[in-house]
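# Structural overview for review
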Amino acid sequence: PGAPGGGGDGGGGKGAGGGRKLPTCAEHDLENYSMYCVSCRSPVCYQCLEEGKHGKHDVKALGAMWKQHKAQLSQALNGVSDKAKEAKEFLVQLKNLLQQIQENGLDYEACLVAQCDALVDALTRQKAKLLTKVTKEREHKLKVVWDQINHCTLKLRQSTGLMEYCLEVIKENDPSGFLQISDALIKRVQVSQEQWVKGALEPKVSAEFDLTLDSEPLLQSIHQLDFIQMKFPVTVPPVPLLQLEKCCTRNNSVTLAWRMPPLSHNPVEGYILELDDGDGGQFREVYVGKETLCTIDGLHFNSTYNARVKAFNSSGVGPYSKTVILQTSDVAWFTFDPSSAHRDIVLSNDNQTATCNSYDDRVVLGTAAFSKGVHYWELHVDRYDNHPDPAFGIARINVVKDMMLGKDDKAWAMYVDNNRSWFMHCNSHTNRTEGGVSKGATVGVLLDLNKHNLTFYINGQQQGPPAFENVEGVFMPALSLNRNVQVGLPQFSPTYP
């Protein structure tokens, strides 16, 4: 039998499980519990009620009280479950707080080191200035003393010579001869004596330096240097600082880097980078995000771009940074791009030489992108076996790379064997032209986006008419080849044909 309070009426018994024996009253063995005394907080049987033991108590049906208490327990458990869920979330929050404390501690340590280093640098610079003053004062004193030494030595030599001469004259026994020169000698001796005026034999400078450094206030300030506890209101972020040493251009791409000023207390949720059109036009957004380094590709060659950045948070958008001016390259320098090449393409020589592992044609693109201006590049046929058909030209970034260049609508190409060539776009073959390639041949590609046409050259001679007209958009140098061909880029910029 179950413990008191664990059973119930017929409905409750069935709910608890099959043919389990119902608990009986402890005082009346033949009676099952059927009621619940709220006052005594115990189940009772019908006979207990008949005997009047619970006559004045609040008695309710056992099943109803069972369901009521189960509901109360479930409700209490839901409350505990909610609190447990909140506790788990709180633990996650605390763990994140640990990480934030660690990161912020490192940031503040770095900031403190930077501030102290700045103080040390300032003190070092000031020390150098003060040492310069001491050096100048010392050199001045030394010069004055040496001037006095030289002057006094000269006068002493003159006086000594005069004294020796006068002593020789005094020894003269001829009165008439002595008297002839004595007046002049007496005047010279008097003049020599007058040169040793008062102060002439005293140093003009002192060995002491009249320089006193009062460092006590600075020492007190250093000893009192401590953190200030301030509660900063959340406002818009301050002006980002462009890191000019990290801003650069490569071909028609620009890279910009920035950071927030030190000890900036306002949170930053992201940055907005803006660039003009390279021709002095309106600024436009080119990046929005949390990174502090961004590269923008596919710009115009030989163009001057202005860039600026600003930060934002929940309070709004902060002010713009200073504008940085970046000049893209005049001429495209590119290599073959391993990241977008077909997996059968094999690149070597710092990605300047291309071949293939497959007998099928595979595509590789250059690392430059053109959308404006006139561009010419050359490719050298380093190896040519068994009369293959390499294709040279331009393509979109999403060109199909597992078939010959020009078979889809994303590429414009000239494919060529050892005797003749054809132009191809959308798998349409046109303008068969005599003249092919062999080992050592040079294929030139002239993309004129001012006139919107594409022209090909073999060994410096134009191959057929202009191949394609009305080409507009962004294009990349492109090449397709199989394992019978190896093509390389020149080490020097080619000249226009």
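Residues numbered from 1 in each chain as written. Predicted model: local features only at pLDDT ≥ 70, side-chain atom pairs only at ≥ 80, totals over all residues. Heavy atoms only, no water.

## Some remarks on the overall build of the protein chain
If you tally the helices and strands in the protein chain, you get 5 helices and 26 strands. Since a compact globule built from 497 residues should have a radius of gyration of about 23 Å, the 50 Å found for the protein chain marks it as more spread out than a globular shape. Taken over the C-alpha atoms alone, the protein chain extends approximately 180 × 100 × 40 Å along its principal axes. Every one of the 497 residues in the protein chain was classed for burial, and the buried ones make up 33%. Within the protein chain, contacts between residues at least 6 apart in sequence are counted, and of these 60% link residues at least 24 apart. Accessible surface, the protein chain as shown: approximately 31,700 Å² in total, 54% of it carbon and sulfur. Charge separation in the protein chain, taken as the distance between the mean sites of 50 positive and 57 negative side-chain charges, equals 4 Å. (Helix = DSSP H or I, 4+ residues; strand = E, 2+ residues; numbered from the N terminus. Rg over C-alpha atoms; globule rule 2.2 N^0.38 Å. Buried < 20%, exposed > 50% of the residue type's maximum accessible area, 1.4 Å probe, protein only. Contact = heavy atoms within 4.5 Å. Areas by Shrake-Rupley, 256 points an atom, 1.4 Å probe, with all protein chains shown as cover. Lys, Arg positive; Asp, Glu negative; His and termini not counted. Charge placed at Lys NZ, Arg CZ, Asp CG, Glu CD.)

## Section: the sheet that holds strand β19 (residues 420-425)
Pairing in this open sheet of 6 strands is antiparallel, and the strands run β15-β25-β17-β18-β19-β20 from one edge to the other. In this open sheet, the two edge strands, each paired with only one partner strand, are β15 (362-365) and β20 (428-434). If you compare each strand with its neighbour and ignore which way they point, the axes differ by 20° on average. Taken together, the 4 bridges between strand β18 (residues 411-416) and β19 define a ladder with antiparallel strand orientation. Of the residues in β19, the one forming a bridge with Met414 is Phe423. (Pairing = 2+ DSSP bridges. Axes fitted to C-alpha atoms, helices over the stretch in contact; angles between N-to-C directions.)

## Brief notes about the nonpolar core
By size, the foremost hydrophobic cluster in this structure holds 39 residues, and its most contacted members are Leu379, Leu447 and Leu479. If you list the elements that add at least two residues to this core, you get β14 (353-356), β16 (374-384), β17 (391-395), β18, β21 (442-448), β22 (453-458), β25 (476-481) and β26 (485-488). In terms of residue count, the dominant contributor to this core is β16 (4 residues). What Leu447 contacts, discounting residues up to four positions off in sequence, is Phe370, Gly373, Val374, His375, Trp377, Ile394, Asn453, Leu454, Val471 and Phe475. Formed by 19 residues, the second largest nonpolar core is a distinct cluster that contains Leu256, Trp258, Tyr271 and Val309. (Core = buried A, V, L, I, M, F, W, Y, C linked by side-chain atoms within 4.5 Å.)

## Focus: the sheet that holds strand β1 (residues 33-37)
Here 3 strands make up an open sheet; going across it, the order is β2-β1-β3 and the pairing antiparallel. Lying at the two open borders of the sheet, with one neighbouring strand each, are β2 (42-45) and β3 (59-61). Direction aside, neighbouring strands of the sheet carry axes that sit 45° apart on average. Here 4 bridges tie β1 to β2, and the two strands are oriented antiparallel to one another. Across the sheet, the residue bridging to Cys37 is Ser42, located in β2.

## Thoughts on the confidence of the model for the protein chain
When the pLDDT values of the protein chain are averaged, the result is 86; 92% of them are 70 or greater. Segment residues 1-19 is flagged for pLDDT under 50; beyond a separation of four residues in sequence, or across chains, it makes 13 contacts in the model. (pLDDT = per-residue confidence, 0-100.)

## Let's talk about the packing of aromatic side chains
Remark: the centre distance and the inter-plane angle together describe each pair of aromatic rings, the angle taken between the planes. Under the criterion given, the structure shown has 8 aromatic pairs. Look at Tyr415 and Trp422: their rings are 5.1 Å apart centre to centre, the planes differ by 15°, and that puts the pair in the stacked class. The burial state of Tyr415 is the same as that of Trp422; both residues are buried. Three or more aromatic residues link up through ring pairs in this structure, and these residues are Phe334, Phe370 and Trp377. Above the ring of Tyr320, the side-chain terminus of Arg308 is found at 3.8 Å from the ring centroid. Above the ring of Tyr359, the side-chain terminus of Arg483 is found at 4.8 Å from the ring centroid. (Phe/Tyr/Trp six-rings, centres within 6.5 Å; stacked < 30°, edge-to-face > 60°. Lys NZ or Arg CZ within 6 Å of the ring centre and 35° of its normal.)

## Section: the pattern of salt bridges
Any two side chains of opposite charge can pair, given that their charged atoms come close. Enumeration over the complete set of coordinates arrives at 12 salt bridges. The closest approach of N and O atoms between Asp360 and Arg362, which form a salt bridge, is 3.9 Å. As a salt-bridge pair, Asp385 and Arg383 come within 3.2 Å of each other at their nearest N and O atoms. Among the residues examined, Asp385 registers a relative accessible area of 32% and is labelled partly exposed. (Salt bridge = Lys/Arg side-chain N within 4 Å of Asp/Glu carboxyl O.)

## Some remarks on the pairing of β19
Among the 6 residues that make up β19, 5 are buried, leaving the element largely enclosed by the rest of the structure. Between β18 and β19, which follow one another and run antiparallel, lie 3 residues. Note: β19 against β20, 5 bridges, orientation antiparallel. Its bridge partner being in β20, Ser421 is matched across the sheet by Thr433.

## Notes on the pairing of β25
Counting buried residues along β25, 6 of its 6 residues qualify, which places the element largely inside the surrounding structure. Burial of β25 is two-sided: the residues Met476, Ala478 and Ser480 facing one way and the residues Pro477, Leu479 and Leu481 facing the other way are all buried. When β15 meets β25, the two strands line up antiparallel, connected through 4 bridges. Following the sheet pairing, Arg362 is matched in β25 by Leu481. Judged from the 5 bridges that link them, β17 and β25 form a sheet pairing that is antiparallel. Across the sheet, residue Ala391 finds its bridge partner in β25, namely Ser480.

## Considerations on helix α3 (residues 62-170)
For an α-helix the count is 3.6 residues per turn, leaving residues at separations of three or four pointing the same way. The end-to-end C-alpha distance of α3 is 156 Å, a good match for the 162 Å that 109 residues give at a rise of 1.5 Å each. All of the buried residues along α3 are Leu62, Gly63, Met65, Cys111, Lys141, Val144, Gln148, Lys155, Ser159, Leu162, Cys166 and Val169. Elements in contact with the buried residues of α3: β1, β2, β3 and α4 (175-195). (Expected span 1.5 Å × (residues − 1).)

## Considerations on unusual backbone geometry
Of note in the backbone geometry, Asn351 takes a positive phi value of approximately 65° without being a glycine. Along the chain, the position of Asn351 falls in the loop between β13 (345-348) and β14. By relative accessible area, which is 26% here, Asn351 ends up partly exposed. Phi is positive for Asn459, close to 55°, though the residue is something other than glycine. Looking at where Asn459 falls in the secondary structure, it is placed in the loop between β22 and β23 (461-462).

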